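# Working through the structure, step by step
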Amino acid sequence: MRKTVNIKQMVKDAAMGHYAIAHININNLEWIKGALSAAKETNTPIILGVSEGAAKYMCGFKNIVDMVNNMIVSMGVTQPVALHLDHGSYEGAMAALKAGFSSVMFDGSHLPFDQNITKLKKVLAYAMIKNASVEAEVGSIGGQEDGVVGNGELADVNQCETIAKLSISCLAAGIGNIHGIYPKNWKGLNFKRLSEITRVCNNKPLVLHGGTGIPTDQIKQAISLGVAKINVNTECQLAFAAATRKYIEEKKDLDTNAKGFDPRKLLKPGTEAIKNMVIEKFEIFGCKGKA
């Protein structure tokens, strides 16, 4: 029995309620545990995102499906949880759906637009059979995500309108956002383009990738203009690394009496840091307690 849900209702409710669902990329068991703990403690719906690179690291799509579903049950998580492929290739999206992912993003933004549409329609057809949701992208997001490189282009409004008419659940459109840490000379989000996209997409929920480092006021403005899903990865990685570094610098791993070297103890501060970061994002995005 599938324990995860697709994102259709999540993002629809978020768009109508003027908040955004947090999409938290997961990288291992600690990430899953930290994110699920945050959702459970705050009664908040959540999207667990997996890149193809992370899927390979975690031994494949099927292993991730089983691990997430089993942890939802064992942790007693009753809040809506979606398992979503992030920036999936056509082959990756189809494989993730077959393995049991409840949602996928097909990123055809680097393809000629007609090819993006053609492959997207095939993903949508298979997703419908699987009762899964699909996110599409127009205008590549800046930075790099699993080999897909973008310079933060602004999505073409007409292309957004065309794709929004399909049965996608949400649309990721480039508005100057980038993956990773934002450079000091970043110009900020282009709200003029976002407003234009929102207008032609007939209230289709929009997605903001590269959520790490975007000022809170810009986050809130983006939500007010139709963004209903925001992706976060780098900030959780930084929080995990900082907490783990602190544990080691304090030489707690060298305490043989307390068995501080035990990986369950060594990784616990980082897991807690992920949970706290996710809760912070819930508050900023306005989704906390919306389950």
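Refer to the structure presented above.
Attention here is on the structure that accompanies the text. In this text, all values refer to a predicted model and were calculated from it rather than measured experimentally.

Reading the values: rules and limits
- Residues numbered from 1 in each chain as written.
- Predicted model: local features only at pLDDT ≥ 70, side-chain atom pairs only at ≥ 80, totals over all residues.
- Heavy atoms only, no water.
- Axes fitted to C-alpha atoms, helices over the stretch in contact; angles between N-to-C directions.
- Helix = DSSP H or I, 4+ residues; strand = E, 2+ residues; numbered from the N terminus.
- Left-handed = near helix turned anticlockwise from the far one by under 90°.
- Contact = heavy atoms within 4.5 Å.
- Nonpolar A, V, L, I, M, F, W, Y, C, P; charged D, E, K, R; others polar.
- Phe/Tyr/Trp six-rings, centres within 6.5 Å; stacked < 30°, edge-to-face > 60°.
- Buried < 20%, exposed > 50% of the residue type's maximum accessible area, 1.4 Å probe, protein only.
- Salt bridge = Lys/Arg side-chain N within 4 Å of Asp/Glu carboxyl O.
- Pairing = 2+ DSSP bridges.

What follows covers the packing of helix H7 (residues 157-164) against helix H8 (residues 191-200). What describes two packed helices is the angle between their axes and the distance between those same axes. Interhelical geometry of H7 versus H8 gives an angle of 35° and a closest axis separation of 9 Å. As for how H7 packs across H8, the hand of that crossing is right-handed. Judged by residue contacts, Val157, Cys160 and Glu161 of H7 engage Arg193, Glu196, Ile197 and Val200 from H8. When the residues that make up the contact of H7 with H8 are grouped by side-chain class, the tally is four nonpolar, no polar and three charged.

Counted according to the given criterion, the structure contains three aromatic pairs. When the ring of Trp31 is compared with that of Phe240, the centres are 4.7 Å apart and the planes differ by 40°; the resulting orientation is tilted. Here Trp31 is found in helix H2 (residues 29-42), whereas its partner Phe240 is found in helix H10 (residues 234-249), with 209 residues between them in sequence. The pair Trp31 / Phe240 is uniform in exposure class, with both members buried.

Think of it this way: side chains of opposite charge can pair up when their charged atoms draw near. All chains considered together, the criterion is met by eleven salt bridges. In this structure, the salt-bridge partner of Glu235 is Lys281, at a minimum N-O distance of 2.6 Å. In this pair, Glu235 is assigned in helix H10 and Lys281 in helix H12 (residues 268-285), connecting sequence segments 46 residues apart. A salt bridge links Glu250 to Lys252; its shortest N-O distance comes to 3.1 Å.

Here we take up the pairing of strand S10 (residues 227-232). Where burial is concerned, most of S10 is hidden: six out of the six residues are buried. In this sheet, S10 lies alongside strand S1 (residues 21-25) in parallel orientation, the contact comprising four bridges. By the bridge assignment, His23 is partnered in S10 with Asn231. Two elements, strand S9 (residues 206-208) and S10, share three bridges in a ladder whose sense is parallel. When the sheet's bridge partners are listed, Leu208 is paired in S10 with Ile230.

Strand order around the closed barrel formed by eight strands is S1-S2-S3-S4-S5-S8-S9-S10, with parallel pairing between neighbours. Between one strand and the next, the sheet's axes are offset by a mean angle of 25°, whatever the strand orientation.

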